[in-house]
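What follows is the residue order along each chain.
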Amino acid sequence: MTEKPPPGRFSGAVVMVTGGAQGIGRGIAEAFHAAGATVVVADLDAAHPARAEAVRLDVRDPASVTAAFEQITSRYGGLDTLVNCAGIYPNTSLLDLSLAEWDEVYAVNVRGVMLTSQAFARASGRWAGGRRIVNVSSGAARSARVGAAHYCSSKAAVEMLTKVLALELAPSGITVNAVAPGLIEVPATAALTPEYVATLVAGQPVHRMGTPAEIARACLFLADPDSSFVTGSVFDVDGGFLAGTTLPPS
Ligand SMILES: NC(=O)c1ccc[n+]([C@@H]2O[C@H](COP(=O)([O-])OP(=O)(O)OC[C@H]3O[C@@H](n4cnc5c(N)ncnc54)[C@H](O)[C@@H]3O)[C@@H](O)[C@H]2O)c1
């Protein structure tokens, strides 16, 4: 199951990717493995890239977070990078939104990031390259969309959490940054019709969806020893979506 990573830039580093069983997180896990890291996929779902170790983790649940971090740090002697990618994004308009759905989105997307970051900060690292937290936010943090009051506001919270944690964890030598993807090809977005996708990306400078590998490259940059002076930042990887629209004036 677990295969030794090839030698690379991240050789010796232990990287945990929450939500790494599929979608963007899976792409991030594969990229860190290819760059030489020992990768732990921490997810509700037991599926995971063949060459990573899997640990069952429910980011909503403090006991689950504690158990997963104890398991990994006792096995590897430390944890160097945490990528907080687990997230959910249901669509429901305000008038139909239940309190349970609102709380669920916040439990996964916000409380989850807080709990895993806290556990990570309390653990120690073992790699000379430095310790990093990379949060996966979304363009939705700063571009409102219909039916996503809970999701958009939860990702705005993730971006502010990123900045506060950057301040608090700098003395511990931990940098904290976020990557904000635009529309990315994952199993959920594969269900969108080509016409709908074309409409969504029509005004975006790069007229296509991105890939998990493109998000992964930004995560690798933020986890790299060379990014040691970058903290509290949000890196938009969105084909220019947040830059503005290329649609001509009517
Ligand atoms: N796909 C996109 O277009 C897009 C765009 C912007 C941001 N994002 C963000 O990227 C991240 C990944 O999205 P995706 O599209 O790959 O989603 P996905 O549904 O394909 O994958 C999400 C993963 O998170 C896991 N997960 C869900 N709840 C969990 C929990 N409580 N504990 C642990 N793991 C849990 C799931 O099992 C799954 O493996 C999310 O934070 C999402 O908000 C996605």
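Position labels on residues start from 1 in each chain and follow its written sequence. Only residues with pLDDT of at least 70 are given local features in this predicted model, and only at 80 or more are side-chain atom pairs given and counted; all residues enter the totals for whole chains, interfaces and linings.

A. The site of the ligand, seen in detail. Nearness here is judged by the C-beta atom: place it from the backbone, and if it falls within 6 Å of a molecule or strand, the residue counts as near that partner. Close to the ligand lie 29 residues, the nearest being Gly-19, Gly-23, Ala-86, Gly-87 and Ser-138. By the criteria applied, helices consist of DSSP H or I runs no shorter than four residues and strands consist of E runs no shorter than two, each listed in order from the N terminus. Counting residues per element, the ones that place at least two in the shell around the ligand are α1 (23–34) and α5 (187–190).

B. Summary view of the sheet that holds strand β4 (residues 81–84). Each pair of strands is called paired provided DSSP finds at least two bridges between the two strands. Taken together, 7 strands build an open sheet; the order of strands is β3-β2-β1-β4-β5-β6-β7 and the sheet is parallel. Two strands close off the open sheet at either side, each with one partner strand: β3 (53–56) and β7 (234–237). The average angle at which neighbouring strand axes cross in this sheet is 20 degrees, direction not considered. Alignment of strand β1 (residues 14–18) against strand β2 (residues 38–43), held across 5 bridges, turns out to be parallel. Within the sheet, the bridge partner assigned to Met-16 lies in β2 and is Val-40. Only the stretch in contact is used when a helix axis is fitted, and all axes are lines through C-alpha atoms; the angle between N-to-C directions ranges over 0 to 180 degrees.

C. Molecular detail of the packing of α1 against helix α7 (residues 212–223). Between α1 and α7, the shortest axis-to-axis distance is 8 Å and the interhelical angle comes to 55 degrees. Of the possible angle classes, the one that applies to α1 and α7 is oblique. Crossing geometry of α1 relative to α7 is assigned as right-handed. On the side of α1, the interface is formed by Gly-23, Ile-24, Arg-26, Gly-27, Ile-28, Ala-31 and Phe-32, while α7 contributes Pro-212, Ala-213, Ile-215, Ala-216, Arg-217, Cys-219 and Leu-220. Each residue belonging to the contact of α1 with α7 can be placed in one class, and the counts come to 10 nonpolar, 2 polar and 2 charged. Orientation is classified from the angle alone, with under 35 degrees giving roughly parallel, over 145 giving roughly antiparallel, 65 to 115 giving roughly perpendicular, and any other angle giving oblique. Helix crossings fall into two classes, left-handed where the near helix is turned counterclockwise from the far one by less than a right angle and right-handed where it is turned clockwise. Note that contacts rest on C-beta atoms placed from the backbone: two residues are in contact if these are within 7 Å. Classification used: nonpolar for Ala, Val, Leu, Ile, Met, Phe, Trp, Tyr, Cys and Pro, charged for Asp, Glu, Lys and Arg, polar for all others including Gly.

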